[in-house]
Amino acid sequence: MDISPDQKKLSSRLHQDVTLACVQMKVGIYKSENLTRARSLVLQAAQEGAKIVILPECFNSPYGTAYFRQYAETLPRSPSLSPHNPQAEEPSESFRILSSTAKEAGVYLVGGSLPELDPDQGKYYNTCLCFSPDGQLLATHRKIHLCDVDIPGKVRLQESEVLSPGNEITIVDLPGYGRLGIAICYDVRFPELAMVAARKGCFAMVYPSVFSTVTGELHWSLLARARALDNQIYVAMCSPARTFEKEYRAWGYSIIVDPLARVVAEADHAEATVYARLDSLLIEDTRRNIPLDLHRRFDVY
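Now for a description of the structure that goes with this document.

Procedures and definitions
Residues numbered from 1 in each chain as written. Predicted model: local features only at pLDDT ≥ 70, side-chain atom pairs only at ≥ 80, totals over all residues. Heavy atoms only, no water. Helix = DSSP H or I, 4+ residues; strand = E, 2+ residues; numbered from the N terminus. Buried < 20%, exposed > 50% of the residue type's maximum accessible area, 1.4 Å probe, protein only. Contact = heavy atoms within 4.5 Å. 1 Å grid on protein atoms, 1.4 Å probe; cavity = no way out; pocket = protein on both sides within 12 Å on 5 of 7 lines; lining within 4 Å. Points joined across faces, edges and corners; volume = space filled by probe spheres on them. Nonpolar A, V, L, I, M, F, W, Y, C, P; charged D, E, K, R; others polar. Pairing = 2+ DSSP bridges. Axes fitted to C-alpha atoms, helices over the stretch in contact; angles between N-to-C directions. Parallel < 35°, antiparallel > 145°, perpendicular 65-115°, else oblique. Left-handed = near helix turned anticlockwise from the far one by under 90°. Arc of directions from axis to C-beta. Phe/Tyr/Trp six-rings, centres within 6.5 Å; stacked < 30°, edge-to-face > 60°. Core = buried A, V, L, I, M, F, W, Y, C linked by side-chain atoms within 4.5 Å.

## Describing the environment of Arg262
- With respect to the secondary-structure elements, Arg262 resides in the loop between β13 (255-257) and β14 (263-266).
- A residue is classified by how much of its surface remains accessible, and Arg262, at 45% relative accessible area, is partly exposed.
- Taking C-alpha positions, Arg262 is 21 Å from His15, a pair spaced 247 residues apart along the chain.
- If we ignore the near neighbours within four places in the chain, the residues touching Arg262 are Ile256, Val257 and Leu282.

Laid out in structure tokens, this is it:
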């Protein structure tokens with residue numbers, strides 16, 4: 001079956017096969033230890049052949065409203081402020097480690113997320129930093145949707161007690177591969193965000209995430225597969241490993257899903273790194289066989 005020019009334009013998302021890794025690391029109370037562990041695991045993932053590496057949400061600090069202010073750092077907001085620019089401001093500790101690790105590993109590094117203080121606004125954000133293989137800052141994503149959830153007797157979280165929401169969809173160009181969409185945790189519950197990213201040419205959405213054991217059991221895998229199925233793209237959700245000494249227990253089960261909504265890699269709750277080879281032809285094949293983009297009725301909805 002021939003592909004029409006319009007369909008070819010919609011389908012050509014991932015330019016070549018690439019190995020993606022989700023680093024499901026243990027996160028403790030000491031920032032320096034978390035940063036050292038993240039560096040080690042990213043380097044290990046690179047040695048295993050990963051070219052895109054994802055860290056978990058709040059990889060450098062415990063997750064929770066009690067910790068966001070304590071662990072917050074002031075972060076550069078522009079690639080021109082990366083540490084390789086002589087005129088750059090002094091980068092934060094986590095920024096510096098992420099940048100140097102991406103360069104040392106030679107990978108595109110989606111640095112999970114970390115609490116950010118914007119001193120000009122006096123506001124706190126949950127922020128993801130993405131770096132190139134030469135250590136340059138490519139993009140930042142501030143979590144758009146804050147998780148204010150109260151399931152009586154099971155789990156209560158009110159991120160808005162401390163955090164402010166971001167207001168931009170984040171799409172990163174990865175030369176040689178294509179476009180990557182980045183969002184954080186609760187953002188995955190809002191399909192509009194992934195749909196916009198897919199229509200703008202992203203071959204994958206990645207979500208550094210910390211679901212609780214309650215919401216994780218209910219919806220973790222379902223949401224990853226739904227976003228992949230809706231948009232015929234790859235989806236990766238990267239969690240911290242579960243720890244049992246903290247009041248908020250991460251679900252774990254970092255997962256990578258293909259454009260047919262098949263789970264191609266998945267961890268359990270313990271520390272682990274999961275890998276998947278993203279097939280550059282699979283998105284095209286999926287969209288040719290089930291051409292959702294051609295059948296969407298924007299004249300109706």
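## Section: the layout of surface pockets
- There is about 190 Å³ of room inside the largest pocket.
- Elements represented by at least two residues in the lining of the largest pocket include exactly β7 (148-151), β8 (155-158) and α6 (213-231).
- Of the residues forming the lining of the largest pocket, the biggest block, three residues, is contributed by α6.
- Looking at the lining of the largest pocket, its residues break down into 12 nonpolar, three polar and one charged.

## What to know about the sheet that holds β14
- The sheet built from six strands is open, its strands ordered β9-β10-β11-β12-β13-β14 with mixed pairing. Only two strands of the sheet have a single neighbouring strand rather than two, namely β9 (170-174) and β14. Averaged over all pairs of adjacent strands, the angle between strand axes in this sheet comes to 20°, irrespective of strand direction.
- Contacts from helix α5 (residues 191-199) reach β9 and β11 (202-208), with the element oriented near 145° to β11.

## Description of the environment of Cys238
- Mapped onto the elements, Cys238 comes out in strand β12 (residues 234-238).
- Distance in space between the C-alpha atoms of Cys238 and Ser254 is 4.7 Å, their sequence separation being 16 residues.
- Setting aside anything within four residues of it in sequence, one finds Cys238 in contact with Cys22, Val23, Gln24, Ile54, Leu55, Pro56, Glu57, Tyr207, Pro208, Ser209, Trp220 and Ser254.

## Side note on the side chain of Ser164
- Its place among the elements puts Ser164 in the loop between β8 and β9.
- A residue is classified by how much of its surface remains accessible, and Ser164, at 15% relative accessible area, is buried.
- Those residues in contact with Ser164 that sit more than four places away from it in its chain are Lys123, Tyr124, Tyr125, Lys143 and Leu146.

## Let's talk about the packing of α5 against α6
- α6 packs onto α5 with a crossing angle of 40° between their chain directions and a minimal axis gap of 10 Å. Taken together, the axes of α5 and α6 lie oblique to each other. Crossing handedness for the pair α5 and α6: right-handed. Contact residues: Pro191, Ala194, Met195 and Ala198 in α5; Arg227, Asp230 and Asn231 in α6.

## A short note on helix α7 (residues 282-289)
- All buried positions along α7 are accounted for by Leu282, Ile283, Thr286 and Arg287. Relative to the axis of α7, the buried residues are bounded by an arc of 125° and lie together on one face.

## Things to note about the packing of aromatic side chains
- Overall, the coordinates contain nine aromatic pairs when judged by the stated rule.
- When the centroid spacing of 5.7 Å and the interplanar angle of 75° are considered together, the rings of Tyr63 and Phe68 count as edge-to-face. For the pair Tyr63 and Phe68, a shared accessibility class is recorded, and that class is buried.
- Judged by centre distance (5.1 Å) and plane angle (80°), the ring pair of Phe211 and Trp220 falls under edge-to-face. When sorted by exposure, Phe211 lands in the same class as Trp220, which is buried.
- Pairwise contacts between aromatic rings join Tyr63, Phe68 and Tyr248 into one cluster.

## Here's the deal with the nonpolar core
- Residues Leu20, Phe203, Met205, Met237, Ile256 and Leu278 are the most contacted members of the largest nonpolar core, which totals 53 residues.
- In terms of residues, this core owes the most to one element, β11, which gives six residues.
- Aside from chain neighbours lying at most four places away, what touches Ile256 is Leu20, Cys22, Val235, Ala236, Arg262, Val263, Val264, Ala265, Val274, Tyr275, Ala276 and Leu278.
- Grouped together as the second largest cluster of nonpolar side chains are 26 residues, Ala21, Leu35, Phe95 and Ala105 included.

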